[in-house]
Amino acid sequence: MPGVPLPLLALLLVPLAAAPSEPTDTLDAQKNYEEVLVQWGLAQNGRQVDPEPEGKPLEAVLVALEDVVAETDPYPGFLNTLHVRSREEVVRREVLLAPGQPYSEALANETARNLRKLGIFAVVRAVAVRGETPGSVALLIVTKDVWSLRLNNDFSAVGSLLQYLRLQGTEDNFLGRGKKVALDFILLLDTWSVGQSYIDKQLFGSRWTLNESAAVILGRESGRAEGTRGTVTLSRPLFSLATRWSLTTQLTWNMETSRTFRGADVWQLPFPGGEPVPYVYNAREVTGSVLYLRSWGDVLKWEAGGGVGAYSKAYSPPVESGLDAEQSAWFQSRFLPRSEDAVHATGSLRLFEARYEVLRDVDTYSLSEDFQVGPSLTATLRYAPPLFASASHFTEAGLAARYRVRLGDALTTVSTAGTLRRQFGSGAGWTNRRWATEVHQVSPRVLGGRFVARGLLDVNVDDVNERVVLLGGGNGLRGANVDAYAGRRLLLFNLEYRTPPLIIRTLHVGGVLFYDAGSAYVRRPDLVQSVGVGLRLLVPQFNIIPFRLDFGYVLDGERPPVGSRFLAGGGQITDNRPTFLDTPLR
């Protein structure tokens, strides 16, 4: 989630202001932001890089913690007094090597990946350095905090229409201990919600993680409470590739009135022979589960396990819609998710290659981006017996597969997923038939920048959630009217050229040229094409996700007014992808 650090709302133009001539190390930082920090860490500890550390006895683990604002950064140093720097024990707790062990580059790299996943560091580097004892090696961990007291934001705006806004006042690194506390505000076209969340990835200094959140949902027009949502998760994750077991328990609830919009208005469904039916329904969902996993292997990893769960899901049109019996039956059979209660047993299997690559200037600028390469396969099987009268009786399976390969500085990813359910008893038959596939290509550097292409096909034959895809605006077809196209299936192409960043002090500014083509359809796709330009902004001390501003022009479809062709949000357009590709059974 992109964020605006609270004390910097008035300081974002500081890097652009006139300043004294830049020192050499600042100029170097512009060329390679992370390498300068590594040199700083080496100087702090008086060490030199060991070019051949593998297998040598590890003498010590050293930690160099840099503030958010370093001496070479063009921001006032007093900002560091408003931020509690990460404590050394937070870093050391994630280190997978101990003094006395043989040094392993693979474990050092995994340590760096795990620290980056904490989300509290702008930079993490693990460097092997010469030990003080001849023939030994030390591990130096260099980190630079990202600003943690912030107003995180996530939004989608097309022209003057603000479709979604999330403001989250957070302390992502509470007292420097890696805990996250937050107050959350979400504004939709029909509702707004207020809530809180707490995430502790090192609960009481252990390997257990606690994640909880809760919110109250209020109607924008009525001002009355419409429902609540929340989740509580307690887990011991597979925190390293050598971890042999994990356990996850989760409870989630969602009680709300769901409204589907097309543009600024609730979608009016064309009821045959009568008045349109508003796409509005009440949702009542409660789910709980316990899942245990075991892990085997070193390079080729196997994870297998099982668990139990239960859920109750009910969906119905609200009384306020004023539907008669015929309209209600038509609406529920064609558009509402299917109400059901179930108690189920779940088995899962995951196979992947524990091989990772680090690239830069793919989805962000200058910072290390981790990618698991090689194959990844996840299979899930679920059986729900009819334990009580209202319980559903079914067997369903989900499969997700991905293969990623790096050739030079290029990265190719192919993903596919599918689900299938066999219903027994009343309404027996095959259902929940859905599959999707995505191809994502990152080119080698061309004139310093990269071409990024994505093709996505999502086919819904008979989804128990009766999912409808909306396309247009910030969800993949830039320049088109907001949610102009609707259907059960989606075909989407995105091609971008992302320029290298222009670095003004530490402000990274990049440009984008793009071509989009897409269709949301029922039977046959009818592609609509658009072209456009965009801007990306990143200040790595304070964000690791770029801000996005795009302007699109439709080539062969209806064109909205000029002002409605501008789109703003966080991250890249290719971040908009179905979660189904990763977790087909949720």
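Residues numbered from 1 in each chain as written. Predicted model: local features only at pLDDT ≥ 70, side-chain atom pairs only at ≥ 80, totals over all residues. Heavy atoms only, no water.

A. View of the packing of aromatic side chains. The tally for this structure, following the rule as stated, stands at 12 aromatic pairs. Between F185 and W192, the ring centres sit 6.1 Å apart and the planes meet at 40°, which makes this aromatic pair tilted. A relative accessible area of 26% places F185 in the partly exposed class. One aromatic cluster in this structure is built from W267, F271, Y279, W330, F331 and F335. Directly above the ring of F514 sits R478, whose terminal nitrogen or CZ lies 3.8 Å from the centroid. (Phe/Tyr/Trp six-rings, centres within 6.5 Å; stacked < 30°, edge-to-face > 60°. Buried < 20%, exposed > 50% of the residue type's maximum accessible area, 1.4 Å probe, protein only. Lys NZ or Arg CZ within 6 Å of the ring centre and 35° of its normal.)

B. Inspection of the sheet that holds strand β4 (residues 137-145) at higher detail. Sheet architecture is open: three strands sit in the order β2-β4-β3, paired in mixed fashion. Only two strands of the sheet have a single neighbouring strand rather than two, namely β2 (58-66) and β3 (121-130). Strand-to-strand twist across the sheet, computed as the mean angle between neighbouring axes with direction ignored, equals 15°. Relative to β4, β3 runs antiparallel, the two sharing nine bridges. By the bridge assignment, V124 is partnered in β4 with T143. Packed on one face of the sheet, helix α4 (residues 105-117) meets β3 and β4 and runs near 160° to β3. (Pairing = 2+ DSSP bridges. Helix = DSSP H or I, 4+ residues; strand = E, 2+ residues; numbered from the N terminus. Axes fitted to C-alpha atoms, helices over the stretch in contact; angles between N-to-C directions. Contact = heavy atoms within 4.5 Å.)

C. Here's a closer look at the environment of R229. Note that R229 resides in strand β10 (residues 225-236). Separated by 186 residues in sequence, R229 and A43 place their C-alpha atoms 50 Å apart. The residues touching R229, leaving out its near neighbours within four places in the chain, are I186, S193, S213, A214, A215, I217, W253, N254 and E256. Here S193 takes part through its side chain, which lies 2.7 Å from a polar atom of the side chain of R229. (Polar contact = N/O pair within 3.5 Å; in protein donor to acceptor, adjacent residues only side chain to side chain.)

D. Here's a closer look at the pattern of salt bridges. The final tally for this structure, using the stated rule, is 39 salt bridges. Across the pair R92 and E88 runs a salt bridge, and its minimum N-O distance is 2.7 Å. One end of the pair is R92 and the other is E88, both in helix α3 (residues 88-92) and four residues apart, which spans about a single turn. Among the ionic pairs, D582 bridges to R577, the shortest N-O distance being 2.9 Å. D582 sits in the partly exposed class, given a relative accessible area of 41%. Assessed through its relative accessible area of 29%, R577 is described here as partly exposed. (Salt bridge = Lys/Arg side-chain N within 4 Å of Asp/Glu carboxyl O.)

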